[in-house]
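Per-entry structural report
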Amino acid sequence: ILFPDCIVSDVLRVYLVKHGKQWDGRRAHRIVGKTPYEAATAVVEDYKLPISADVLLSETSPIFSDQWCNIKAQPGANRLIKHLNGNGVPLVLASNSPKANIETKISHQQGWIESFSFIIGGDEVKSGKPSPEIYIEAAKRLKMDPSSCLVIEDSLPGVVAGKEAGMTVVAVPSLPKQSQHFTSADEVINSLLDFQPDKWGLPAFEDWVEGTLPIEPWYIGGPVIKGFGRGSKVLGIPTANLSTEDYSHLLSDHPSGVYFGWASLATQGVYKMVMSIGWNPYFNNAEKTIEPWLLHDFNEDFYGEDLHLVIVGYIRPEANFPSLETLIAKIYEDREIAEKALDLPLYSKYKEDSYLKKTV
Ligand code: ADP
Ligand code: RBF
Ligand code: MG
């Protein structure tokens, strides 16, 4: 799947307020991967709405239609599609949404329609996922054996459907902390950035540079706030945390993981930076945080100072570790990788980005 589900939560959040109810993000997993009717039924049940699923659908579908143009491709989706297309690997889009809806949605993504051999919608089969029917039908139309097809799925019903169809399934859960539910998948990855086609007999990506993946830069900044107070204390690695509230959309647009780039402090200078963004699996935080480690020795704390970041590359997914020592060793390895990479012209050019210019 190639779309974040935040549009769905945004629309439902507003809609439920009108019914005097409050959207509960923890229930989001109840709708991911379902057909529109099944999803609507789950919402009516979960929130005890005094209306039928049909009414909910007819009231919300115009709002959804208006939002489709705002759906962003998941990071790594364009890269993956281009790579597979360029290597002559046939691609199919199989979704529980009706075919017409899928077509409208992806019409906003440049070059996507042409990239798929065909699209198959939930309205073209008797039963949608988790029934394997949609995948079996896709293989049939491709004249391929299901066992030589690879499915990339973000939802549980989709993973079940793919496995039941006899295919290899890589799961990329669209909701965080869900990987323990995806046990039937052949592999669970954190984001499309971590997908390794060569593991599955497909041509390898060739865009990694010295352990780093160049990404479309993203920008984030604001005053340095207090974090959990354990960066320097527990790890000996201070991280200058930024407020996540002002950036909730940016944060949900970017997969958790270890990234690097350039950091500037308004009154000081520009520094190399390596950071993690996510739930810190080792500490199992409840919140997605931004933890940038500026690769420079400062004499003093700089809480409250304006910190600007340009994030230019990706290193690895966040991971859990058997001990604090192994976590720390890995972070130092990340530092090494980032420091070297940032000297490459490909990344060093962003040091001059106007977003990092001094303000004083
Ligand atoms: P917190 O949990 O409050 O973020 P940390 O132990 O992670 O505390 O320490 C972070 C603070 O340390 C930053 O807010 C900053 O003021 C200071 N600091 C000093 N050196 C650095 C550095 N090289 N990188 C990031 N922060 C640093
Ligand atoms: N925390 C994890 O639990 N898993 C990680 O893989 C991880 N990687 C990190 C990589 C870097 C470069 C940095 C700076 C931090 C990383 N952390 C990771 C976060 C670390 O646990 C966090 O900074 C402390 O918990 C402080 O809040
Ligand atoms: Mg910190």
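The protein appears in an unreviewed UniProt entry as riboflavin kinase from Dorcoceras hygrometricum. What UniProt records for the protein under Pathway (unreviewed entry) is the sentence "Cofactor biosynthesis; FMN biosynthesis; FMN from riboflavin (ATP route): step 1/1."

**What about the overall build of the protein?**
For the protein, the helix and strand inventory stands at eleven helices and ten strands. Considering only C-alpha atoms, the protein reaches an extent of 65 × 50 × 40 Å along its principal axes. Restricting to contacts in the protein with at least 6 residues of sequence separation, those with at least 24 account for 65%. Total accessible area on the protein stands at roughly 17800 Å², and carbon and sulfur atoms take up 53% of it. Positive and negative side-chain charges of the protein, numbering 34 and 46 respectively, have mean locations separated by a distance of 2 Å.

**Considering the site of ligand 2**
Residues in contact with ligand 2 amount to 21 residues; listed here are only the nearest, R230, N280, Y282, R316 and A319. The backbone of P281 places a nitrogen or oxygen atom 3.2 Å from an oxygen atom of ligand 2. One of the side-chain nitrogen or oxygen atoms of R316 is found 2.9 Å away from an oxygen atom of ligand 2. When ligand 2 is considered free in solution it has 540 Å² of accessible area, and contact with the protein chains removes 99% of it. In terms of residue count, helix 10 (residues 324–341) provides more of the shell around ligand 2 than any other element does, three residues in total. A class-by-class count of the residues in the shell around ligand 2 yields twelve nonpolar, four polar and five charged.

**Considering the coordination of the magnesium ion (ligand 3)**
Coordination of the magnesium ion (ligand 3) by the protein is provided by T239 (O), T239 (OG1) and N241 (OD1), with metal-donor distances spanning 2.1 to 2.3 Å. Taking the relative accessible area as the measure of exposure, T239 reaches 23% and is therefore partly exposed. The class for N241 is buried, based on a relative accessible area of 7%.

**Observations regarding the domain arrangement of the protein**
Structurally, the protein comprises domain 1 (2–68), domain 2 (74–200) and domain 3 (213–357). For domain 2 and domain 3, the distance between their C-alpha centres works out to 32 Å. With both chains or domains summed, domain 2 and domain 3 bury close to 790 Å², and 65% of this area falls on carbon and sulfur atoms. Linking domain 2 to domain 3 there are zero salt bridges. Of the residues assigned to the side of domain 2 that touches domain 3, the class counts are three nonpolar, two polar and three charged.

**Points about the site of ligand 1**
By nearness alone, 20 residues border ligand 1, and G227, G229, S232, F302 and Y303 come closest of all. T239 is positioned with one of its backbone polar atoms (N or O) 3.0 Å from an oxygen atom of ligand 1. L294 has a polar backbone atom sitting 2.8 Å from a nitrogen atom of ligand 1. Relative to its unbound accessible surface of 560 Å², ligand 1 loses 94% to contact with the protein. Elements with a minimum of two residues in the shell around ligand 1: helix 8 (231–235) and strand 9 (289–294). Among the elements that line the shell around ligand 1, the one with the most residues is strand 9, at three residues. Class assignment of the residues belonging to the shell around ligand 1 gives a composition of ten nonpolar, seven polar and three charged.

**Observations regarding the packing of aromatic side chains**
Tallying each qualifying case throughout the model produces ten aromatic pairs. On the numbers, 5.3 Å between centres and 80° between planes, the contact of Y219 with Y355 is edge-to-face. Here Y219, found in strand 6 (residues 213–223), pairs with Y355, found in the segment after helix 11 (345–348); they are 136 residues apart in sequence, far enough to count as distant. Pairing F260 with Y347 gives two aromatic rings, centres 4.9 Å apart and planes at 80°, and the pair type is edge-to-face. Pair noted here: F260 is in strand 7 (residues 257–265) and Y347 is in helix 11, with a separation of 87 residues, a long-range link. According to the relative accessible area criterion, Y347 is buried, its value standing at 1%. Three or more aromatic residues joined by ring pairs form one cluster here, namely W208, W218, Y259 and Y314. When the ring centre of F205 is taken as origin, the NZ or CZ atom of R79, which lies over that ring, is 3.6 Å away.

**What about the pairing of strand 10 (residues 306–316)?**
Across the eleven residues that make up strand 10, a large majority, ten, are buried. Pairing analysis gives eight bridges linking strand 7 to strand 10, with the strands arranged antiparallel. Across the sheet, residue W262 finds its bridge partner in strand 10, namely V310.

**Quick notes on the pattern of salt bridges**
Oppositely charged side chains are able to pair whenever their charged atoms sit close together. Applying the stated criterion to the full structure yields 17 salt bridges. The closest approach of N and O atoms between R30 and E45, which form a salt bridge, is 3.4 Å. With a gap of 15 residues between them, R30 in the loop between helix 1 (6–18) and helix 2 (36–46) and E45 in helix 2 connect regions that are remote in the sequence. Residue classification places R30 among the partly exposed residues on the basis of a relative accessible area of 25%.

**Examining the environment of P157**
Its location among the elements puts P157 in helix 7 (residues 156–164). P157 sits in the buried class, given a relative accessible area of 16%. Once the C-alpha coordinates of P157 and G76 are considered, the two residues, 81 residues apart in sequence, prove to be 23 Å apart. The residues touching P157, leaving out its near neighbours within four places in the chain, are V32, G33, K129 and P130.

Procedures and definitions
Residues numbered from 1 in each chain as written. Chains lettered and ligands numbered in written order. Predicted model: local features only at pLDDT ≥ 70, side-chain atom pairs only at ≥ 80, totals over all residues. Heavy atoms only, no water. UniProt positions renumbered as here; feature names shortened; annotations may be inferred. Helix = DSSP H or I, 4+ residues; strand = E, 2+ residues; numbered from the N terminus. Contact = heavy atoms within 4.5 Å. Areas by Shrake-Rupley, 256 points an atom, 1.4 Å probe, with all protein chains shown as cover. Lys, Arg positive; Asp, Glu negative; His and termini not counted. Charge placed at Lys NZ, Arg CZ, Asp CG, Glu CD. Near = heavy atom within 4 Å. Polar contact = N/O pair within 3.5 Å; in protein donor to acceptor, adjacent residues only side chain to side chain. Nonpolar A, V, L, I, M, F, W, Y, C, P; charged D, E, K, R; others polar. Donors = N, O, S within 2.8 Å, 3.2 Å for Na, K, Ca; no water. Buried < 20%, exposed > 50% of the residue type's maximum accessible area, 1.4 Å probe, protein only. Domains from an automatic or database assignment. Buried area = accessible area lost by both parts, 1.4 Å probe. Salt bridge = Lys/Arg side-chain N within 4 Å of Asp/Glu carboxyl O. Phe/Tyr/Trp six-rings, centres within 6.5 Å; stacked < 30°, edge-to-face > 60°. Lys NZ or Arg CZ within 6 Å of the ring centre and 35° of its normal. Pairing = 2+ DSSP bridges.

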